[in-house]
Amino acid sequence: MTCHIVIMRHTESHVASLGHFDNFSCWQFGEENSAHKEGIKTMIEEIEYLSQGDLDKGHIQVSVFGGYTDPRGDAKQNSMSLLKAFQESDTTLEIVYFCVGPYNTCQDKDGNNTAVLIGVAIDLRSQIIFPASFPWNNFEDFSTQLQDRFLRRTGQGSILKDEEYCKTKNSTFKPKALRNLNTYKNLQKSLGEAQQDENKKPTLKSYTFGEKLKPALMQDNSMSKEFKAMQMKESSKYLPGVSLKPVRK
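Structural notes, computed from the coordinates. Not measured: the values here are computed from a predicted model. (Residues numbered from 1 in each chain as written. Predicted model: local features only at pLDDT ≥ 70, side-chain atom pairs only at ≥ 80, totals over all residues. Heavy atoms only, no water.)

### Here's the deal with the overall build of the chain
Inference 1: Scanning the chain from N- to C-terminus turns up six helices and eight strands.
Inference 2: When the helices and strands of the chain are listed from N to C terminus, the series reads β-β-α-α-β-α-β-β-β-β-β-α-α-α.
Inference 3: Looking at the chain as a whole, 26% of its 249 residues qualify as buried.
Inference 4: Relative to all contacts within the chain whose residues are 6 or more apart in sequence, the contacts with residues 24 or more apart total 62%.
Inference 5: A total of about 19,500 Å² of accessible surface is found on the chain, and carbon and sulfur atoms cover 55% of it. (Helix = DSSP H or I, 4+ residues; strand = E, 2+ residues; numbered from the N terminus. Buried < 20%, exposed > 50% of the residue type's maximum accessible area, 1.4 Å probe, protein only. Contact = heavy atoms within 4.5 Å. Areas by Shrake-Rupley, 256 points an atom, 1.4 Å probe, with all protein chains shown as cover.)

See the structure below:
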């Protein structure tokens, strides 16, 4: 429930883009990471490409929903990372709704904080944003999917609509190919550079039986300060080994 939903729409072309931004990137890499910036940039580029002739006649509006006042402050970190990405964008953005944190928090029957909105959608014709619930991954939905898959594979029809039913010719869904070819090429280029960096990593040397091994250097690859502190606390419970020489009498 610390995840955020970003809805962008062009005021003239009515092209809309929805993005899901979870808190994992903030938790692992910190608020200064580029994951949110790249996601916002991709959404803007897709809207600009699909708006074409109407681009200069209007502007892009942004609305953000999600997160709540959680005990660890993960949602707040996610919100601040998105605000920073909006501020550093070269495109002028109008923030319409920013329903996050305490404005999206209520208490459950046990008195614990929980989110008010856990899903939103936009009507492409009326451009109205409204609360939505997606009952995925529960038993009823899982059972229905199994029945539909069985009927399709045995040639007995179906009980669910096809995936393509509500899509238009201009609809784009990652990781499927984006409409903006330049955006797609940039993503492919980034993947290529990441693959080259992966190939530059040193290969592991093979050792024969009985060969003396060299001590490995410990690298600090912890994902968070909390994890590092927990690791240090755990290692402090054990004393380093000491090799003692026998004493001759």
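Back to the text.
### Digging into the packing of helix 2 (residues 35–51) against helix 3 (residues 74–87)
Inference 1: Across the interface, helix 2 lies against helix 3 with an axial gap of 9 Å and an inter-helix angle of 50 degrees. Of the possible angle classes, the one that applies to helix 2 and helix 3 is oblique. In this structure, helix 2 meets helix 3 at a crossing whose hand is right-handed. Taken together, the residues of helix 3 that come into contact with helix 2 (itself represented by His-36, Lys-37 and Ile-40) are Asn-78, Ser-81, Leu-82, Lys-84, Ala-85 and Phe-86.
Inference 2: Partitioning the contact of helix 2 with helix 3 into residue classes produces four nonpolar, three polar and two charged. (Axes fitted to C-alpha atoms, helices over the stretch in contact; angles between N-to-C directions. Parallel < 35°, antiparallel > 145°, perpendicular 65-115°, else oblique. Left-handed = near helix turned anticlockwise from the far one by under 90°. Nonpolar A, V, L, I, M, F, W, Y, C, P; charged D, E, K, R; others polar.)

### Considerations on the pairing of strand 2 (residues 16–21)
Inference 1: Going residue by residue along strand 2, you find Ser-17, Gly-19 and Phe-21 tucked away on one face and Ala-16, Leu-18 and His-20 left uncovered on the opposite face.
Inference 2: Here six bridges tie strand 1 (residues 4–10) to strand 2, and the two strands are oriented antiparallel to one another. Looking at strand 2, one finds that His-4 is bridged to Phe-21.
Inference 3: In textbook terms, the turn of a hairpin is the stretch between consecutive antiparallel strands, and for strand 1 and strand 2 this stretch comprises five residues, one of which, His-14, has a positive phi near 65 degrees. (Pairing = 2+ DSSP bridges.)

### Thoughts on helix 3
Inference 1: With 14 residues, helix 3 ought to run about 20 Å at 1.5 Å a step, and its terminal C-alpha atoms sit 20 Å apart, in line with that.
Inference 2: Every buried residue belonging to helix 3 is among Asp-74, Ala-75, Asn-78, Ser-79, Ser-81, Leu-82, Ala-85 and Phe-86, and all of these are buried. One side of helix 3 holds all its buried residues, which, seen down the axis, span an arc of 160 degrees. In helix 3, the exposed positions that point more than 90 degrees away from the buried face belong to Lys-76 and Gln-87. (Expected span 1.5 Å × (residues − 1). Arc of directions from axis to C-beta.)

### Digging into the sheet that holds strand 2
Inference 1: Spatial strand order, 2-1-3-4: four strands in an open sheet with mixed pairing. Of all the strands in the sheet, just strand 2 and strand 4 (93–100) have a single pairing partner and so form its edges. Strand-to-strand, the axes of this sheet are offset by a mean angle of 15 degrees, without reference to chain direction.
Inference 2: Taken together, the seven bridges between strand 1 and strand 3 (residues 60–66) define a ladder with antiparallel strand orientation.

### Remarks on the environment of Arg-72
Inference 1: Along the chain, the position of Arg-72 falls in the loop between strand 3 and helix 3.
Inference 2: For Arg-72, the side chain forms a polar contact with the side chain of Asp-74, separated by 2.7 Å. (Polar contact = N/O pair within 3.5 Å; in protein donor to acceptor, adjacent residues only side chain to side chain.)

### Comments concerning the nonpolar core
Inference 1: Ranked by internal contacts, the top residues of the largest apolar core, which has 16 residues, are Val-6, Met-8, Ile-40, Val-62 and Phe-86.
Inference 2: Of all the secondary structure elements, the ones that give two or more residues to this core are strand 1, helix 2, strand 3, helix 3 and strand 4.
Inference 3: When neighbours within four sequence positions are excluded, Met-8 is seen to be in contact with Val-15, Ala-16, Ser-17, Ile-40, Met-43, Ile-44, Ile-47, Ile-60, Gln-61, Val-62 and Phe-86.
Inference 4: Residues Phe-65, Cys-99, Leu-117 and Val-120 belong to the second largest nonpolar core, which totals seven residues. (Core = buried A, V, L, I, M, F, W, Y, C linked by side-chain atoms within 4.5 Å.)

### A word on the pattern of salt bridges
Inference 1: One pass over the full model with this rule turns up five salt bridges.
Inference 2: Measuring nitrogen to oxygen at the nearest pair gives 3.0 Å for the salt bridge that ties Glu-88 to Lys-84.
Inference 3: What makes Glu-88 partly exposed here is its relative accessible area of 41%.
Inference 4: Each of Lys-37, Lys-84 and Glu-88 takes part in a single network of salt bridges with overlapping partners. (Salt bridge = Lys/Arg side-chain N within 4 Å of Asp/Glu carboxyl O.)

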